[in-house]
Amino acid sequence: MKYFPSVSVIIPTYNRKDWVLDTLDSLSRQTFSRDRYEVILVDDGSNDGTTEIEGRSFPFDLHYIWQSNQGDAAARNLGVQHSQADILVFLDD
């Protein structure tokens, strides 16, 4: 039996709702098995309606996390803390 590692895609974002929606749409067309990856979206204190993404449905597990504005590095680190996967992939919106 072949082993396929699990993957966490970590996306920090700040006031880029439309761009992050495009990124999530692109991930929904990924050919990698959807049960092998999760997407962790860390909202770094956006005030442009990015929080609305939390209620949307995607064909993969989306974990939305909000933090007060602390910058990209802090958002990435928070995403790592919430990861359940073997491999971490960082994407920018």
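Note that the structure is a prediction, hence the values are computed from the model and not measured.

Criteria and cut-off values
- Residues numbered from 1 in each chain as written.
- Predicted model: local features only at pLDDT ≥ 70, side-chain atom pairs only at ≥ 80, totals over all residues.
- Heavy atoms only, no water.
- Helix = DSSP H or I, 4+ residues; strand = E, 2+ residues; numbered from the N terminus.
- Buried < 20%, exposed > 50% of the residue type's maximum accessible area, 1.4 Å probe, protein only.
- Pairing = 2+ DSSP bridges.
- Axes fitted to C-alpha atoms, helices over the stretch in contact; angles between N-to-C directions.
- Core = buried A, V, L, I, M, F, W, Y, C linked by side-chain atoms within 4.5 Å.
- Contact = heavy atoms within 4.5 Å.
- Salt bridge = Lys/Arg side-chain N within 4 Å of Asp/Glu carboxyl O.
- Patch = residues over 30% accessible without salt bridge, like charges linked within 9 Å, V, L, I, M, F, W, Y side chains within 5 Å.
- Areas by Shrake-Rupley, 256 points an atom, 1.4 Å probe, with all protein chains shown as cover.

**Some words on the environment of Arg 29**
Right, on to step 1. With respect to the secondary-structure elements, Arg 29 resides in the loop between α1 (17-28) and β2 (37-43).
Right, on to step 2. We classify Arg 29 as exposed; its relative accessible area is 55%.
Right, on to step 3. In this structure the C-alpha to C-alpha distance between Arg 29 and Val 39, which are 10 residues apart in sequence, comes to 13 Å.

**Some thoughts on the sheet that holds strand β3 (residues 61-66)**
Pairing between sheet strands relies on hydrogen bonds along the backbone, with the strands arranged either parallel or antiparallel.
Right, on to step 1. Sheet architecture is open: four strands sit in the order β3-β2-β1-β4, paired in parallel fashion. The open sheet terminates on both sides in strands that have one partner only, identified here as β3 and β4 (87-90). Averaged over all adjacent pairs, the angle separating strand axes in this sheet is 20 degrees, with direction ignored.
Right, on to step 2. Relative to β2, strand β1 (residues 7-13) runs parallel, the two sharing seven bridges. Bridge pairing in β2 links Thr 13 to Asp 43.

**Some details on the nonpolar core**
Right, on to step 1. In this structure, Val 9, Ile 11, Leu 24, Leu 27, Val 39, Ile 53 and Phe 60 are the most contacted members of the largest nonpolar core, which totals 14 residues.
Right, on to step 2. Where this core is concerned, the elements lending two or more residues are β1, α1 and β2.
Right, on to step 3. Here this core gets four residues from one element, more than from any other, and that element is α1.
Right, on to step 4. Excluding anything up to four places from it in sequence, Val 9 contacts Leu 27, Tyr 37, Glu 38, Val 39, Ile 40, Val 89 and Leu 91.

**Here's the deal with the pattern of salt bridges**
Right, on to step 1. Per the counting criterion, the structure on display carries four salt bridges.
Right, on to step 2. For Arg 76, the salt bridge goes to Asp 92, with nearest N and O atoms at 2.8 Å. Highlighted residues: Arg 76 in helix α2 (residues 72-82) and Asp 92 in the segment after β4, separated in sequence by 16 residues.

**Quick notes on the environment of Thr 23**
Right, on to step 1. Among the secondary structure elements, Thr 23 is positioned in helix α1.
Right, on to step 2. Excluding residues within four positions of it along the chain, Thr 23 makes contact with Ile 11, Leu 91, Asp 92 and Asp 93.

**Let's talk about a nonpolar patch on the surface**
Right, on to step 1. Together, Val 80, Leu 88 and Phe 90 give the surface a local cluster of nonpolar side chains, amounting to about 230 Å² of exposed area.
Right, on to step 2. As for its position among the elements, Val 80 is in helix α2.
Right, on to step 3. A relative accessible area of 34% places Val 80 in the partly exposed class.

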